[in-house]
Amino acid sequence: MKILDTWSGTANQLRMRDRSVKVLQYGCQMLLGFYGKKFSNEMQQALALFRRTASTSRKAFWLLKSVNHITNAIHMAQKIMFEFSWVLFFDLMEQVFLALYYVMENIVFFIRVKMISWSEDDVDFGVNWTWFIGDFFCVAAALLRFCESVYNCQNMNFATNQESLQKYQKLYFDLVGLMIVSSLSDNVALPTLKLMVPCA
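Residues numbered from 1 in each chain as written. Predicted model: local features only at pLDDT ≥ 70, side-chain atom pairs only at ≥ 80, totals over all residues. Heavy atoms only, no water.

### Brief notes about helix 2 (residues 14–35)
Then comes step 1: The end-to-end C-alpha distance of helix 2, which contains 22 residues, comes to 31 Å, matching closely the 32 Å that a straight helix rising 1.5 Å per residue would cover.
Then comes step 2: If you check which residues of helix 2 are buried, you get Asp18, Val21, Lys22, Gln25 and Cys28. Looking straight down helix 2, one finds its buried side chains confined to an arc of 130 degrees; they lie on one side. Away from its buried face, by an angle of more than 90 degrees, helix 2 presents the exposed residues Val23 and Phe34.
Then comes step 3: In this fold, the buried residues of helix 2 make contact with helix 3 (41–61). (Helix = DSSP H or I, 4+ residues; strand = E, 2+ residues; numbered from the N terminus. Expected span 1.5 Å × (residues − 1). Buried < 20%, exposed > 50% of the residue type's maximum accessible area, 1.4 Å probe, protein only. Arc of directions from axis to C-beta. Contact = heavy atoms within 4.5 Å.)

This is the structure we're talking about:
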């Protein structure tokens, strides 16, 4: 019963619904990419339609999502007014461009449901660049946090084991590299990284 309650609570979350549809979307894309030539034309068309429909459904989940990022940006801007830091500034810029990104995705949704008589090509440039710039500020903030964490650990004499510290450094940069590669293959902005390097 507890498992069912947990699943029910999770399934009611909008983020969980989005991720569930995302699995279907990219599952169809994977099947088309790896096995498309082995499928019949009817199956290929069905998978392509499923992928397209899932993509449009996810954009419906994102309606007004930009409001959340605008709210975050306002709170961050208020903090910067009292105490400026480059990390917070990069976080602020990430939220601004995420808000713009989801506005562009909302426009794409309205185009697909024929509420706007534009072409997706008209907004494709804006979608890609707002996503890319948002990811850029996300990675920049993550790298700056990493540098600050290493500096603080060294100053507090916690980083006494250099080999362990180097292991964390390599792990961190591998993670950032993986997320960059993932973002290039998935047009979804990265979440803000708030990773702190453990003091060795």
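### Concerning the packing of helix 3 against helix 5 (residues 86–112)
Then comes step 1: In contact at an axis separation of 9 Å, helix 3 and helix 5 are set at 125 degrees when each is read in the N-to-C sense. Regarding the angle of helix 3 to helix 5, the classification is oblique. Our pair here, helix 3 against helix 5, has a crossing hand that is left-handed. Between helix 3 and helix 5, the residues in contact are Arg52, Ser55, Thr56, Lys59 and Ala60 and Glu105, Asn106, Val108, Phe109 and Arg112, respectively.
Then comes step 2: Partitioning the contact of helix 3 with helix 5 into residue classes produces three nonpolar, three polar and four charged. (Axes fitted to C-alpha atoms, helices over the stretch in contact; angles between N-to-C directions. Parallel < 35°, antiparallel > 145°, perpendicular 65-115°, else oblique. Left-handed = near helix turned anticlockwise from the far one by under 90°. Nonpolar A, V, L, I, M, F, W, Y, C, P; charged D, E, K, R; others polar.)

### Side note on a nonpolar patch on the surface
Then comes step 1: Taken together, the side chains of Phe125, Trp129, Phe132 and Phe136 make up a nonpolar region of the molecular surface, amounting to roughly 490 Å² of accessible area.
Then comes step 2: When you line up the elements, Phe132 lands in helix 6 (residues 120–155).
Then comes step 3: Note on Phe132: relative accessible area 40%, which makes it partly exposed. (Patch = residues over 30% accessible without salt bridge, like charges linked within 9 Å, V, L, I, M, F, W, Y side chains within 5 Å. Areas by Shrake-Rupley, 256 points an atom, 1.4 Å probe, with all protein chains shown as cover. Salt bridge = Lys/Arg side-chain N within 4 Å of Asp/Glu carboxyl O.)

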